Every structure is written in C-alpha cells, then in structure tokens.
Amino acid sequence: MDKSRKEFLIQLGSGLALASLPGIAAAADTTGIDLEAVAGEGAPDDEKYWKQVARKYYDVSGDYINLENGYYGIQPKPVLAAFEKNIIQANRDAARFARKEFPGLSANIKKELATFLEVSDEEIIITRNATEALNIAIQGYPFKTGDEVLLHQLDYFSMIECFRMLEKRGKISVKTFDMPLLPVNEDEIVEIYRKMITPKTKVILLTHVSNINGLIVPVAKISAMAKEKGIDTITDSAHALGQVKFSLPALGSDFVGLNLHKWIGNPIGAGVLYIRKERIKEMNPLMGDVNTADTNISKLAHFGTTPFAVIMTIPDSLAFHKMMGVERISARLHYLKSSWIDALQSNPAVEVVTPKAISCAIASFRVKNKTNTETADYLFKQHNILTVGRALGKEGCVRVTPAAYTSIEDIRKFVAAVNAFTTQS
Ligand SMILES: Cc1ncc(COP(=O)(O)O)c(C=O)c1O
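The model shown is predicted, which means the values in this text are computed figures rather than measured ones.

Peer 1: Tell me about helix H14 (residues 408-423), and please be specific about residues and values.
Peer 2: Taking 1.5 Å of rise per residue, the 16 residues of H14 would be expected to cover 22 Å, and the 23 Å separating its terminal C-alpha atoms lies within 8% of that figure. Inspection of H14 places Ile408, Ile411, Phe414, Val415, Ala417, Val418, Phe421 and Thr422 among the buried residues, and these make up the whole buried set.

Shown next, in the form of structure tokens:
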C-alpha cells in the first residue's frame, strides 16, 4: 500500500469509519480500521454510491444548495479533523514546534507534494495560493522591453491584471483576443493561439480551466506548438488539479501555478509554483533575496511566517484525493454538469456558454434579457441555490459548479428553478 495512504488511514483510526471505496479495501487488513461497505464502483450516475460518499465524508450545510464550489472546495471530514489537530499542535507547541519540528516536516511534505505532482521537489515552492504562485512567475520572468504576451477574455482576471501592471510599467505589451465560447474541439483552440502569435510574442498565458465558463484548453498541445517557436507558456492550473486528470510534466509548460484548496480539499492557504529546473536561474525573485543560490527555487520563496497547520494538512488532503481517484471524481463532475446542460438545452430562453465536451465541473449560462445578477439573485433568494455571476462580454454569465457531494436531485432542483425563472415574466 502506498505509504501516504497508510499514514492517512492510521490517522483516521480514531473513530472515523472508512468506506470500502475501491482501492482502500486492502487498507483494512493492515490498519484494523472498521470498514463500512459502500456498494458500487462509483460510476458517474450511481446515485446510491455518491450519496454514501457525501454522507460519510462531507459535512455540508443543508439549508442551501451550493453550486458555487468553484470558489473553494469543502474539506472532507477526515481532512478537516487532521487540520483541527494540526492547528492545536502548532498553537500548543508554538515556537518549539516551528523551530525544531516544522522545518523537517515541511521538507518532507514538499517532497510528498512533488512526488504527487510527478516533479522534483527542487522544482516547486509552496505558496499561499495560485495568485501568489503566478505573480511570482509572471513578475519574475526575464522579459525584455518590447516582449509581447498573449491572453484572452476567459483568462483569470488577477493574471491579466499582473500582465497589465507590467505593461503599465513599460516592460511588455499585452495582446488580447476573444476566445470563442464554444470551440468545437481542441485543435480549433490550438489553431486560434497559433494565428494570434506575432514575431514579438514571448509568453502565452494559459488558463488551463477557465473560471468563467470552464473551458479546458489543451495545454500540452499549445505549449508544444509555442515551444517550437521559442515561446514560453505560463500555465494557470488553479482549477485543473483535482478536477481533471492532471500530469504536470505532461503539460510541457515550464511555469505552472496552482492551488490545493479548490479541487484537492486542502484547507485554504496552500498553492504551488512549479518551474522547470533549467529555467530557475533566469527568474528574478519577487520577494527580496540575495543569499540563496540563483539556481535554487527557494530564492523565490522568501515568505514570512507560513500557515503551519495548512501545510501540515497537505498529506491528508492528498491521501483523501488519491483514495477517491481523480478519474472517478472527474467523471462524476462531468456527468452532473452534462445533466443540467442537457436539461436546459430545450429552453429557448437559456443560452449555455460552455462547450459540454471540453469542460468538466464548471459550466455557465445566460438567461435571455436578464442580467447575470438578476438570474443569480433569483436562484438564491427564491430557491436557496447559490451560483455566481461572472463578467463575460456585455451580457455576463452565471457560473454553476457542482462538487463530488452534489446530488442529482440538487441538479434537478436547479434546472426546475431556471425553468421557473424563464417562464415567470
Ligand atoms: C483560473 C483561476 N486562476 C487563479 C485563481 C486564483 O486562485 P487562488 O485563490 O488560489 O489565488 C482562480 C480562483 O478562482 C481561478 O479561477
């Protein structure tokens, strides 16, 4: 059995009954944990299975339907229990813990995280979130005056702001284009990027999974195409890790930022910046540092005091995530998303602005002649269903994000509420 999983199960031993989800049944023999069967393999439409997972692992507020899981993910119960334990330890043992134990502990956690991400621990730093990771990459990149950066309207606003700030300072110029909302396939997306490249293009910002409409861009294909032309990609995988099948080396992007609090279920406050080893030397630290070797990625991580308990909980959230399996979660999320898109397709007042096949959990829609605020407010005030309005062109859109614990009944209630909204006036 994988070591992290074993440690995780041992930690859970104090009272938490584990489901015999595929892949952890064998754990019972070695840990003595009292397993309680969850019938089925976790097929995307096996409601009985997913209900048991929801009940066993998630403590979800029952007084509203949360379809805004794109903000951050609920920590599974065992992860939350580990986090609580870690908060207490860091508080009780205080400076002795921070000085004597945490350095070794965090080095091991970083190693475990790097193994999970299939890269070397000399190629990652743990940040507070994806925004911090990507700011370090973008502001530290060795741009030369006149370099051009390529981005579009579905990229994340904080990264756009960061590039715009560099442009304002006269460092670079930003070239933007409109990504079609409903591309037919990945090749169409690659061709769009290829056409937008100019002789000055130095960097392409790739938002792996858009926070606006959930579009998944083919990072590996675009990075390979860009690399052939001597262009770098800086990849924002904030929504990719844990939501979709993910292999960091397979992305072929030398600079990747992500977080662990959206789809991995870690407590808020941990992100990762990956930089391919050979590229570290040329990067400039954002936070002042003159003593660390310029080939050492730690030169970019001159942070102050870190959130100990959040970092200490990373092995627990990784273990839980591995136990569930990204393929199983991803297929379930895709199914929930497809269910509402299929159901609303016949409503002429609804416009879905997400390509069903090139997205996973996140998808967005508009109601004709209504603003996104009116639609999201109606859903929340009249039906206790939380979604969120996103800026997108003149009309905007409403983003809908289920999670692993979301039931198909909740999706049906959402569909009924949208249908009611479009027929009321
Ligand atoms: C595409 C994308 N990138 C980056 C971020 C920022 O993530 P973080 O909260 O970890 O800084 C978000 C957050 O919603 C996002 O959706």
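Peer 1: Tell me about empty space enclosed by the protein, residues and numbers included.
Peer 2: Applying the stated criterion to the full structure yields two cavities of 30 Å³ or more. Volume-wise, the largest cavity comes out at about 210 Å³. In terms of lining residues, the largest cavity is bounded by 16 residues, among which Tyr58, Ile74, Lys262, Trp263 and Ala404 are the most central. Ranked by the residues each element gives to the lining of the largest cavity, the list is headed by helix H11 (residues 314-324), at three residues. Of the residues that constitute the lining of the largest cavity, the class distribution is 11 nonpolar, four polar and one charged. Considered as a void within the structure, the second largest cavity measures approximately 40 Å³ in volume. What lines the second largest cavity is simply Phe365, Arg366, Val367, Lys370, Thr371, Asn372, Thr375, Glu395, Gly396, Cys397 and Val398. Of all the elements, strand E12 (residues 363-367) adds the most residues to the lining of the second largest cavity, at three residues. Partitioning the lining of the second largest cavity into residue classes produces four nonpolar, four polar and three charged.

Peer 1: So what's going on with the packing of helix H13 (residues 372-383) against H14? Residues and values would help.
Peer 2: Running from N to C, H13 and H14 cross one another at 115°; their axes reach a closest spacing of 10 Å. As for how H13 packs across H14, the hand of that crossing is right-handed. Only Phe414, Ala417, Val418, Ala420 and Phe421 of H14 make contact with H13, whose side of the interface consists of Glu374, Thr375, Tyr378, Leu379 and His383. Grouping the amino acids of the contact of H13 with H14 by side-chain chemistry returns seven nonpolar, two polar and one charged.

Peer 1: With reference to specific residues and values, describe the packing of helix H5 (residues 130-140) against helix H6 (residues 157-168).
Peer 2: Direction vectors running N to C along H5 and H6 enclose 25°, while the axes themselves pass 10 Å from each other. Relative to H6, the element H5 is oriented roughly parallel. Every pair of crossing elements has a handedness; the one defined by H5 and H6 is right-handed. The residues of H6 that touch H5, namely those facing Ala130, Thr131, Leu134, Asn135, Ile138 and Gln139, are Ser158, Met159, Cys162, Phe163, Met165 and Leu166. Of the residues in the contact of H5 with H6, the class split is eight nonpolar, four polar and no charged.

Peer 1: Describe the nonpolar core, naming the residues involved and giving the relevant values.
Peer 2: Ranked by size, the top nonpolar core spans 76 residues in total, and within it Leu113, Leu117, Tyr193 and Ile314 carry the most contacts. The contact partners of Ile314, leaving out residues within four places of it in the chain, are Ile109, Leu113, Ile126, Leu260, Asn266 and Ala270. Counting residues in hydrophobic clusters, the runner-up holds 26 residues, among them Ile136, Cys162, Phe255 and Ile280.

Peer 1: Can you lay out the side chain of Asp232 for me, pointing to particular residues and giving the numbers?
Peer 2: Secondary-structure assignment places Asp232 in strand E8 (residues 232-236). The exposure class assigned to Asp232 is buried, which follows from its relative accessible area of 8%. At 2.5 Å, the side chain of Asp232 and the side chain of Tyr141 are in polar contact. Excluding anything up to four places from it in sequence, Asp232 contacts Tyr141, Lys202, Val203, Ile204, Asp254, Phe255 and Arg279.

Peer 1: Just give me the short version of the site of the ligand, but keep the residues and values in it.
Peer 2: In the vicinity of the ligand, 13 residues are found, and the nearest of them are Ala130, Thr131, Asp236, Asn259 and Lys262. Asn129 is positioned such that a nitrogen or oxygen atom in its side chain is 3.5 Å from an oxygen atom of the ligand. The contact in question runs from an oxygen atom of the ligand to an N or O atom on the side chain of Asn259, over 2.8 Å. Taking 390 Å² as the accessible area of the ligand by itself, protein coverage stands at 89%.

Definitions and cut-offs
- Residues numbered from 1 in each chain as written.
- Predicted model: local features only at pLDDT ≥ 70, side-chain atom pairs only at ≥ 80, totals over all residues.
- Heavy atoms only, no water.
- Helix = DSSP H or I, 4+ residues; strand = E, 2+ residues; numbered from the N terminus.
- Expected span 1.5 Å × (residues − 1).
- Buried < 20%, exposed > 50% of the residue type's maximum accessible area, 1.4 Å probe, protein only.
- 1 Å grid on protein atoms, 1.4 Å probe; cavity = no way out; pocket = protein on both sides within 12 Å on 5 of 7 lines; lining within 4 Å.
- Points joined across faces, edges and corners; volume = space filled by probe spheres on them.
- Nonpolar A, V, L, I, M, F, W, Y, C, P; charged D, E, K, R; others polar.
- Axes fitted to C-alpha atoms, helices over the stretch in contact; angles between N-to-C directions.
- Left-handed = near helix turned anticlockwise from the far one by under 90°.
- Contact = heavy atoms within 4.5 Å.
- Parallel < 35°, antiparallel > 145°, perpendicular 65-115°, else oblique.
- Core = buried A, V, L, I, M, F, W, Y, C linked by side-chain atoms within 4.5 Å.
- Polar contact = N/O pair within 3.5 Å; in protein donor to acceptor, adjacent residues only side chain to side chain.
- Near = heavy atom within 4 Å.
- Areas by Shrake-Rupley, 256 points an atom, 1.4 Å probe, with all protein chains shown as cover.

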